[in-house]
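So the chains spell out like this:
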Amino acid sequence: MLGLAISKIQKMGGIFRDLWCAMVLTLKKLYNNITALGTDLMTRIVQYTKLLLAKIKLSIELCRARFIIVELLIRAG
């Protein structure tokens, strides 16, 4: 009787160990997916920000050029 109880306990321990391993592997996969998606998202944000900064810089340079032209016209006038 005692041997039967011990074998059932060992069997349940094995089942729980297998379930635990499966859960850990699932969580590891999920973590890897989240990390990959986060890295991709951050890369896209940086690229978009660089594009916006380039557009802003170009706009500032155009405004500066216009101000210089206006200043020269004022001086000439």
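Below is a summary of the structure that appears in this document. (Residues numbered from 1 in each chain as written. Predicted model: local features only at pLDDT ≥ 70, side-chain atom pairs only at ≥ 80, totals over all residues. Heavy atoms only, no water.)

**Observations concerning the overall build of the chain**
In terms of regular secondary structure, the chain is built from one helix and zero strands. For 77 residues, the compact-globule formula gives about 11 Å, and the C-alpha radius of gyration of the chain, at 33 Å, lies well above that figure. Here the chain holds 77 residues, and 1% of them are scored as buried. Charged side chains of the chain number 12 positive and 4 negative; the gap between the two group centres comes to 9 Å. (Helix = DSSP H or I, 4+ residues; strand = E, 2+ residues; numbered from the N terminus. Rg over C-alpha atoms; globule rule 2.2 N^0.38 Å. Buried < 20%, exposed > 50% of the residue type's maximum accessible area, 1.4 Å probe, protein only. Lys, Arg positive; Asp, Glu negative; His and termini not counted. Charge placed at Lys NZ, Arg CZ, Asp CG, Glu CD.)

**Observations concerning the pattern of salt bridges**
Applying the stated criterion across every chain, the model contains three salt bridges. A salt bridge links Arg-44 to Asp-40, with the shortest nitrogen-to-oxygen separation between them at 3.3 Å. Of this pair, Arg-44 and Asp-40 are both found in helix H1 (residues 2-76), four residues apart, which corresponds to roughly one turn of the helix. Residue classification places Arg-44 among the exposed positions, given a relative accessible area of 56%. With its nearest N and O atoms 2.7 Å apart, the salt bridge here joins Glu-71 to Arg-75. (Salt bridge = Lys/Arg side-chain N within 4 Å of Asp/Glu carboxyl O.)

**Comments concerning a nonpolar patch on the surface**
Together, Met-12, Ile-15, Phe-16 and Leu-19 make up a nonpolar patch on the protein surface, roughly 420 Å² of accessible area in all. For Leu-19, the location among the structural elements is in helix H1. (Patch = residues over 30% accessible without salt bridge, like charges linked within 9 Å, V, L, I, M, F, W, Y side chains within 5 Å. Areas by Shrake-Rupley, 256 points an atom, 1.4 Å probe, with all protein chains shown as cover.)

**Regarding the environment of Thr-43**
Along the polypeptide, Thr-43 turns up in helix H1. From its side chain, Thr-43 meets the backbone oxygen of Thr-39 in a polar contact 2.8 Å long. (Polar contact = N/O pair within 3.5 Å; in protein donor to acceptor, adjacent residues only side chain to side chain.)

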